[in-house]
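Below are the chains, spelled out letter by letter.
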Amino acid sequence: MEVKFYDTVDDKLLKFAVIIARSAGQWVFCKHKARDTFEFPGGHREPGEPILAAAGRELEEETGAVDYTLTPVCVYSVTGKNRVNETGEETFGMLFTAEIRTFAPELHSEMEAVYRMDTLPEAWTYPLIQPKLLEEAIRRGCIA
């Protein structure tokens, strides 16, 4: 699995949005109903949807965020077969950070639960990708 980072690419190449979210100094992770691992909020971009709108929609759907600030970090790509890429071709997404101030009282999505953590989880859904996205956001000064 190879993860690369870019400042920009052609917008039409961006298929995913991933959001490294924090709330009141804690990490915000999602746990999907079908998995026993933790993941950053994020997902596929809908046809014709601006990537910033996709990031906001995914953050709201997967965490219940209702009041937040969303900030673009960079473009990332993943090459190699994984759960969402059967061909293994290079696929592109946009990485964001978010500070969530308020959550909805109930979650209505494929996520079983949202966790606020003081430390990073050991069981990542995408262990070869997610830690690298976090490292890049820290390297770029987007997370203290």
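Residues numbered from 1 in each chain as written. Predicted model: local features only at pLDDT ≥ 70, side-chain atom pairs only at ≥ 80, totals over all residues. Heavy atoms only, no water.

A count of helical and extended segments in the chain gives two helices and seven strands. When the helices and strands of the chain are listed from N to C terminus, the series reads β-β-β-β-α-β-β-β-α. Taking 15 Å as the expected radius of gyration for a compact globule of 144 residues, we find that the chain reaches 14 Å, a close match to that expectation. For the chain, the C-alpha atoms occupy an extent of roughly 40 × 30 × 30 Å along the three principal directions. The buried share of the chain, reckoned over its 144 residues, is 49%. If you take every contact in the chain between residues at least 6 apart in sequence, the share linking residues at least 24 apart comes to 73%. When the accessible surface of the chain is totalled, it reaches about 7,600 Å², and 52% of it is carbon and sulfur. (Helix = DSSP H or I, 4+ residues; strand = E, 2+ residues; numbered from the N terminus. Rg over C-alpha atoms; globule rule 2.2 N^0.38 Å. Buried < 20%, exposed > 50% of the residue type's maximum accessible area, 1.4 Å probe, protein only. Contact = heavy atoms within 4.5 Å. Areas by Shrake-Rupley, 256 points an atom, 1.4 Å probe, with all protein chains shown as cover.)

With that settled, the discussion passes to helix 1 (residues 51-63). Turn by turn, an α-helix covers 3.6 residues, leaving residues three or four places apart pointing in a common direction. Spanning 13 residues, helix 1 covers 18 Å between terminal C-alpha atoms, matching the ideal 18 Å at 1.5 Å per step. When helix 1 is considered as a whole, its buried residues turn out to be Ile51, Ala54, Ala55, Gly56, Arg57, Glu58, Leu59, Glu62 and Thr63. Its buried side turned inward, helix 1 meets strand 2 (14-23), strand 3 (26-32), strand 4 (42-44), strand 5 (65-79), strand 6 (91-103) and strand 7 (111-117). Downstream of helix 1 by a residue or two, Gly64 has a phi angle that is positive, lying close to 80°. (Expected span 1.5 Å × (residues − 1).)

Here we come to the side chain of Ser23. Of note, Ser23 is situated in strand 2. A polar contact of 2.9 Å, which involves the side chain of Ser23, links it to the backbone oxygen of Ile100. (Polar contact = N/O pair within 3.5 Å; in protein donor to acceptor, adjacent residues only side chain to side chain.)

These values are about where atoms sit, not about what they do.
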